[in-house]
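Residues per chain are reported as follows:
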Amino acid sequence: MPTPPPGPGVAPPFAAPPTEGGRKRLWLGLGVGALALLICCGGGGTALVGLTVSSIQATEEQGEAITDAYYGALVRREYGKAYDALCDSAQRRESRSEFARRVQDEPAVASYRIGDVDPNTLTVPVDVTFSGGGRDVQTVTLAPDQQTAGLEVCGVN
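Quick caveat: nothing in here was measured; it's all calculated off a predicted structure.

Reading guide: rules and limits
Residues numbered from 1 in each chain as written. Predicted model: local features only at pLDDT ≥ 70, side-chain atom pairs only at ≥ 80, totals over all residues. Heavy atoms only, no water. Helix = DSSP H or I, 4+ residues; strand = E, 2+ residues; numbered from the N terminus. Buried < 20%, exposed > 50% of the residue type's maximum accessible area, 1.4 Å probe, protein only. Contact = heavy atoms within 4.5 Å. 1 Å grid on protein atoms, 1.4 Å probe; cavity = no way out; pocket = protein on both sides within 12 Å on 5 of 7 lines; lining within 4 Å. Points joined across faces, edges and corners; volume = space filled by probe spheres on them. Nonpolar A, V, L, I, M, F, W, Y, C, P; charged D, E, K, R; others polar. Phe/Tyr/Trp six-rings, centres within 6.5 Å; stacked < 30°, edge-to-face > 60°. Disulfide = S-S within 2.5 Å.

J.: Please give an account of the overall build of the chain that cites residues and values.
T.: Within the chain one finds four helices and four strands. In the chain, the order of α-helices and β-strands from amino to carboxyl end is α-α-α-α-β-β-β-β. Put simply, the chain has 157 residues, and 24% of those count as buried. Taking contacts inside the chain between residues at least 6 apart in sequence as the whole, the part at least 24 apart equals 38%.

In structure tokens, the structure reads:
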């Protein structure tokens, strides 16, 4: 028995889904999403690398500056300024006057040459020439200051 013809004004309840280009749109959408993800992650990765590099450079610059300030003060015999470059724990071990007496009793530093700061161990080799002509390679140990986050001299070997 044949089905009765639809009456006037009858329409299907929904339109048929499009069949043309369905896979093409899917792959285009996935490609655009992957590109957006790559840009976001790549930008974040680039920023992380840039931050790391600038942090290492800042550490090296601060290490050289504080080491230069310390040894420059010793050469000029400004022991109070050299003492000010020391970290808090070194200053607790030795008072300003004890430091000045100890340094005056040691051979005087005539000149120095600062090596490369090791940002991993926070150490700096310094080639020191004394007023009597003797030479020594000393290793300066640096430590971050808790209040300023700058580096300070925490020991000399």
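Having seen it, we continue.
J.: Can you explain unusual backbone geometry? Please cite residues and give values.
T.: Phi is positive for Arg-77, which is not a glycine, with a value near 60°. Mapped onto the elements, Arg-77 comes out in the loop between helix H1 (22-75) and helix H2 (79-84).

J.: So what's going on with the layout of surface pockets? Residues and values would help.
T.: Here the largest pocket is characterised by a volume of approximately 380 Å³. Surrounding the largest pocket, 20 residues form its lining, Tyr-70, Phe-99, Arg-102, Glu-106 and Val-156 being those nearest its centre. Of the residues assigned to the lining of the largest pocket, the class counts are 14 nonpolar, two polar and four charged.

J.: I'd love a proper account of the packing of aromatic side chains, names of residues and values included.
T.: Scanning all chains against the criterion turns up three aromatic pairs. Both rings, one in Tyr-70 and one in Tyr-71, keep their centres 5.3 Å apart while their planes meet at 85°; by these two values the pair is edge-to-face. Assigned by exposure class, Tyr-70 and Tyr-71 land together as buried. Consider the rings of Tyr-83 and Phe-99, whose centres lie 5.7 Å apart with planes at 55°: the pair is tilted. With Tyr-83 in helix H2 and Phe-99 in helix H4 (residues 96-105), this residue pair connects regions lying 16 residues apart in the sequence.

J.: Got a sec to walk through the state of the cysteines? Specific residues and values, please.
T.: Summed over the entire model, instances satisfying the criterion amount to one disulfide. Paired by a disulfide, Cys-87 and Cys-154 hold their sulfur atoms 2.0 Å apart. Note on the Cys-87 and Cys-154 pair: the S-S dihedral is about 70°, so by sign convention the disulfide is right-handed. Of this pair, Cys-87 sits in the loop between H2 and helix H3 (88-93) while Cys-154 sits in strand E4 (residues 151-156), and the two are 67 residues apart along the sequence. The closest cysteine sulfur to the non-disulfide-bonded Cys-40 is located on Cys-41, 6.7 Å from its own sulfur.

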